[in-house]
Amino acid sequence: MIQHSELTNDGGVLHNVLADNGHGPIRLIPTRAEPQLRQRRPERKATGLPAVVNSFKYAISEAGIVRGTLPLLQLNQKDGFDCPGCAWPDPDGKRSAFDFCENGAKAVAHESDSRRITADFFAQYSVAELSTYSDYWLEQQGRLTEPMVLRAGATHYQPIPWGEAFDMIATSLNSQRSPDEASFYTSGKAVNEAAFAYQLFARQFGTNNLPDCSNMCHESSGAALTNTLGFGKGTVTLEDLENAELIFVVGQNPGTNHPRQLTALQHAKRKGAKIIAVNPLPEAGLISFMNPQETLGMLGVGTKLADLFLQVKINGDVPLFKGILKTLVERDDVQPGAAINWGFVHKYTTNIDDLRNSVRQAPWEDLEQLSGVSRAQMSLAADWVCETERIVICWCLGVTQHQNGAGNVQELVNLLLLRGAMGMPGAGACCVRGHSNVQGDRTMGVWERPAPEFLDRLRDAFQFEPPRRHGLDAQRTAKAMHRGRIKTFISLGGNYLMALSDTQFTADALQRVELTVRIGTKLNRADLVTGEQALLLPCLGRTEIDFRSIHNVVQEQFTSTENSMGVVQWSRGRFTPASSLLLGETEIVCRIAAAALGAKATVDWLAWGQNYDYIRAGIAKVIPGCAHYNRDVRKPGGFYLPNPPRERKFPTATGKALFTVNPAPERKLEPNQLLLTTIRSHDQFNTTIYGLHDRYRGLHNTRRVVLVNAADLRQLGLIAQQKVNVTSHFAGQTRTAYQFTVVEYPIPAGCAAMYYPEANVLAPIDATDMVSNCPAFKSLVITLAATPA
Ligand SMILES: Nc1nc2c(c(=O)[nH]1)N[C@H]1C(S)=C(S)[C@@H](COP(=O)(O)OP(=O)(O)OC[C@H]3O[C@@H](n4cnc5c(=O)[nH]c(N)nc54)[C@H](O)[C@@H]3O)O[C@H]1N2
Ligand SMILES: Nc1nc2c(c(=O)[nH]1)N[C@H]1C(S)=C(S)[C@@H](COP(=O)(O)OP(=O)(O)OC[C@H]3O[C@@H](n4cnc5c(=O)[nH]c(N)nc54)[C@H](O)[C@@H]3O)O[C@H]1N2
Ligand SMILES: [Mo]
């Protein structure tokens, strides 16, 4: 039985130790000593030669030179594999042989790792010992090579044959009282074929418990876009972005997280576009960019990117955009048509008067004070907005991960609609997705709240009655685990433990599950903080060849993905698998389904796992726009999925796009409290840490830092580089992260930043967006306390 965890001091590291659920004392926080911080001046430019050098350095160190550089040349080519990094699209036309970026290169090299984790490794280290190492160290141990099991009461993982592993999952699933005691998590790397099979399996098993990483990522965008445009995705193509005359980049750090977006911004800029960056941090990529694809960029000659940098306070985006909208409405009141595109508004939208009245009433003082941006700057942005309708707004997590995340996105939509910047070339909403196939997974039906029409199509295509009751999202799943309501938990990729909020709570929750299963390529902490029993099932990466034997003939299988702009494309691995025992994740899903469903199955799961054309034929029957999936996906460059707003069709209840009124968040901070945002360093992919350097921000050697403004440091009586404990405050509860180094950084006063996932212990499980339930990872109230010397 689980006891409460307690605070201990392990080799000088203070933290809560998890209760022993039979596998030994598991550490949630690594206890090995960390190097000291080294701080340099933040860089003013992104990429260029250092980026190319860094990516090759990383490729060489991880993968060995030959295996390291060859995959880089295959990246995002029309006959190569889809980059396992971010979801930024590839150009439709000719592609440069070097169309990769530093961080895409790191993602590929990390997967092409020449190191291996074998059964010997697990015999050598107990799970308790592994848990004393950092997350960085765990992923650096190399690729997983064979299926492993952690049995009840065992201290070590042991090898298990694939067949037995599938039977173990089937037994666990079929012993539950209700299918809703099972949960099927998906991380956004899963390819379309795996995702479609997975959701069909979960629903044939009888549950809509399909939480995914999107619940913690762009859930707010999906909710807001569906509410306002009737369609939950962005509306632009890459060409639109390059043809825009005004581009906003809001709450996004493209230099690190979507480096190829900088090339598109540079192209737009050369055609005369203006760029406005909205961010509390002066991110290098937003300020200036050196294109590594061009000689001048290589030599260090950069393009100045942002024409205007609006250094908004954390969660100050609604007041900022309301200020811009207010300026537009007031100008239009004086001279109708000067700022509002009335032709578009009358024909395609509803609710304009509510919007106009609400912004007229908003006091300037409040808007300036809450946003931290002056009225003069808002007015300058409004001048540029009035000059053109070819406006694109790009956004990512700085917008979505707040208690009013959906409201933030809706406020951006208001601006686009007011100008009619929708469904015309060079204009629209550019919702920049994260994981390389997170958008595709949703298209394929991985969602805990499926539309009734979708379930009807599944029913008709596969002759079964899908469950209608909505399932649990990622956050609600942890709460259900805590109450003992989830008994079997399967993760298709990802790192649910470290990605979700409230690490301690989530860890306690996972330890109450009977069987946790993870399908993955590398070891992470989620494999150490497990249920009573755990399976670790290693799979092929996207860069590797997926061979199948069909009727004794060996055939190569390919898979497909969808990028941020709705283009579906095939992806073919090129490299010898890391181990002969690996299976493709699609096949793993199908074989679990075959074992678990038995006679209940209405498709031939084993055949689906052998030949993905069968799965694609299934996709064709169910997913809109995919009627000829097997044919279209084989076209070079792929095909576009339908996107109604691009044609000015808005499938809302009224058939029109909706203006919304989004109140500015009101949060009264007490003296000494700061508002914390959590961000990615330049050297990580989500919970996968590639290294300990955040080059552009000038922070080296450690990730356990808190970035604070100089004035706040003085006022709090702290000295830069001092060690502090960070406490978050929410609904009368506190959570503490111990021994972080405080860093002086040019962030607005009253704001602070820490790295994800180290900061997730501070994020309350209940602090989520009011509409979408996306965790408010980017507005946490904290205080800092110097640690006793
Ligand atoms: N190399 C690399 N690429 C990645 C990832 C990765 O970890 N590494 N992750 C992938 C995934 S899954 C995703 S979802 C994306 C994430 O891509 P981003 O959203 O760019 O990721 P974050 O580092 O979380 O950065 C958020 C940005 O928002 C700013 N910000 C924080 N709070 C606020 C706010 O209140 N208002 C505004 N306006 N800005 C704010 C931060 O300063 C930061 O610049 O990247 C994807 N690509
Ligand atoms: N505080 C805070 N928390 C956040 C965020 C934040 O900004 N702040 N961002 C949130 C966001 S946007 C997201 S998307 C989530 C990310 O949440 P997840 O998607 O759950 O986490 P990842 O870190 O991307 O998963 C890494 C693991 O995926 C496995 N993996 C890698 N490649 C493959 C593959 O090809 N197949 C399979 N099956 N497995 C593979 C490896 O084992 C690796 O250890 O985190 C969220 N959490
Ligand atoms: Mo994400």
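Residues numbered from 1 in each chain as written. Chains lettered and ligands numbered in written order. Predicted model: local features only at pLDDT ≥ 70, side-chain atom pairs only at ≥ 80, totals over all residues. Heavy atoms only, no water.

Observations regarding the site of ligand 1
Every one of the 32 residues lining ligand 1 counts as a neighbour, but Asn279, Glu283, Asp317, Gln684 and Asn686 are closest to it. Contact between ligand 1 and valine 278: a nitrogen atom at 3.3 Å from a main-chain N or O atom of the residue. Alone, ligand 1 offers 920 Å² of accessible surface; in the complex the protein occludes 99% of this. When residues of the shell around ligand 1 are traced back to their parent elements, those giving at least two are α11 (254-257), α20 (397-400), β27 (674-679) and β28 (684-685). Classifying every residue of the shell around ligand 1 by side-chain character gives 12 nonpolar, 16 polar and 4 charged. (Near = heavy atom within 4 Å. Polar contact = N/O pair within 3.5 Å; in protein donor to acceptor, adjacent residues only side chain to side chain. Areas by Shrake-Rupley, 256 points an atom, 1.4 Å probe, with all protein chains shown as cover. Helix = DSSP H or I, 4+ residues; strand = E, 2+ residues; numbered from the N terminus. Nonpolar A, V, L, I, M, F, W, Y, C, P; charged D, E, K, R; others polar.)

Quick look at the UniProt feature "domain: Molybdopterin dinucleotide-binding" (unreviewed entry) in the protein chain
In the numbering used here, UniProt assigns the "domain: Molybdopterin dinucleotide-binding" (unreviewed entry) feature to residues 674-779. Helix makes up 7% of residues 674-779 and strand 41%, with an end-to-end C-alpha separation of 10 Å. (UniProt positions renumbered as here; feature names shortened; annotations may be inferred.)

Notes on the pairing of strand β18 (residues 488-492)
Within β18, 5 of the 5 residues are buried, which leaves it mostly tucked inside the rest of the structure. Of the two faces of β18, both are covered, the one formed by Thr488, Ile490 and Leu492 as well as the one formed by Phe489 and Ser491. Where strand β9 (residues 182-186) lies against β18, 5 bridges are found, and the strand directions are parallel. When the bridges of β18 are listed, threonine 186 appears paired with leucine 492. (Buried < 20%, exposed > 50% of the residue type's maximum accessible area, 1.4 Å probe, protein only. Pairing = 2+ DSSP bridges.)

Some words on the sheet that holds strand β30 (residues 693-694)
Strand order across the open sheet formed by 3 strands is β3-β31-β30, with antiparallel pairing between neighbours. Because the sheet does not close on itself, it has two edges, and the strands there are β3 (38-39) and β30. As paired elements, β3 and strand β31 (residues 699-700) share 2 bridges and run antiparallel to each other. Counterpart to arginine 38 in the pairing with β31 is histidine 700.

Overview of the packing of aromatic side chains
A complete count under the given rule lists 24 aromatic pairs for this structure. Ring centres of phenylalanine 184 and tyrosine 198 lie 5.8 Å apart, and the angle between their planes is 85°; this geometry places the pair in the edge-to-face category. In this pair, phenylalanine 184 sits in strand β9 while tyrosine 198 sits in helix α8 (residues 192-205), placing the two residues 14 residues apart along the sequence. Note on accessibility: phenylalanine 184 and tyrosine 198 belong to one class, buried. Taken together, the ring pairs in this structure connect Phe184, Phe196, Tyr198, Phe201, Phe205, Phe462, Trp605 and Trp608 into an aromatic cluster. Above the plane of the ring of phenylalanine 685 lies lysine 189, whose end atom (NZ or CZ) is 5.7 Å from the centre. Between the NZ or CZ atom of arginine 616 and the centre of the ring of phenylalanine 558, over which it lies, the distance is 3.9 Å. (Phe/Tyr/Trp six-rings, centres within 6.5 Å; stacked < 30°, edge-to-face > 60°. Lys NZ or Arg CZ within 6 Å of the ring centre and 35° of its normal.)

Quick notes on the pattern of salt bridges
Enumeration over the complete set of coordinates arrives at 45 salt bridges. Linking glutamate 181 and arginine 177 is a salt bridge whose minimum nitrogen-to-oxygen distance equals 2.9 Å. With relative accessibility at 9%, the residue glutamate 181 sits in the buried group. Between glutamate 556 and arginine 572 there is a salt bridge, with its nearest N and O atoms 3.2 Å apart. In this pair, glutamate 556 sits in strand β22 (residues 553-557) while arginine 572 sits in the loop between β24 (567-571) and α27 (585-597), placing the two residues 16 residues apart along the sequence. Its relative accessible area of 24% is what places arginine 572 among the partly exposed residues. One network of salt bridges, in which partners are shared, links Asp212, Glu219, Arg442, Glu448 and Arg449. (Salt bridge = Lys/Arg side-chain N within 4 Å of Asp/Glu carboxyl O.)

A closer look at the nonpolar core
Within the largest apolar cluster, 68 residues are counted, with the highest numbers of intra-cluster contacts made by Phe122, Tyr496, Leu523, Val706, Val726 and Leu784. Aside from chain neighbours lying at most four places away, what touches leucine 523 is Ile117, Phe121, Phe122, Leu130, Leu138, Glu139, Leu144, Arg518 and Leu536. Judged by nonpolar contacts, the second largest core, of 63 residues, contains Val149, Phe184, Ile615 and Tyr629. (Core = buried A, V, L, I, M, F, W, Y, C linked by side-chain atoms within 4.5 Å. Contact = heavy atoms within 4.5 Å.)

Quick word on the domain arrangement of the protein chain
If you check the domain split of the protein chain, you get domain 1 (219-431) and domain 2 (665-786). Taking only C-alpha atoms into account, the centre of domain 1 sits 26 Å from that of domain 2. Interface area, domain 1 with domain 2, both sides summed: about 2,400 Å², of which 62% is carbon and sulfur. Ranking the residues of domain 1 by area buried against domain 2 places Ile314, Gln401 and Gln403 at the top, with a combined share of 31%. Inspection of the region where domain 1 meets domain 2 yields 1 salt bridge. One salt bridge in this structure joins arginine 697 and glutamate 283, with 2.9 Å as the shortest N-O distance. Of all the secondary structure elements, the ones that give two or more residues to the side of domain 1 that touches domain 2 are α9 (219-229), α11, α15 (317-334), α20 and α21 (405-419). Of the residues that constitute the side of domain 1 that touches domain 2, the class distribution is 12 nonpolar, 14 polar and 3 charged. (Domains from an automatic or database assignment. Buried area = accessible area lost by both parts, 1.4 Å probe.)

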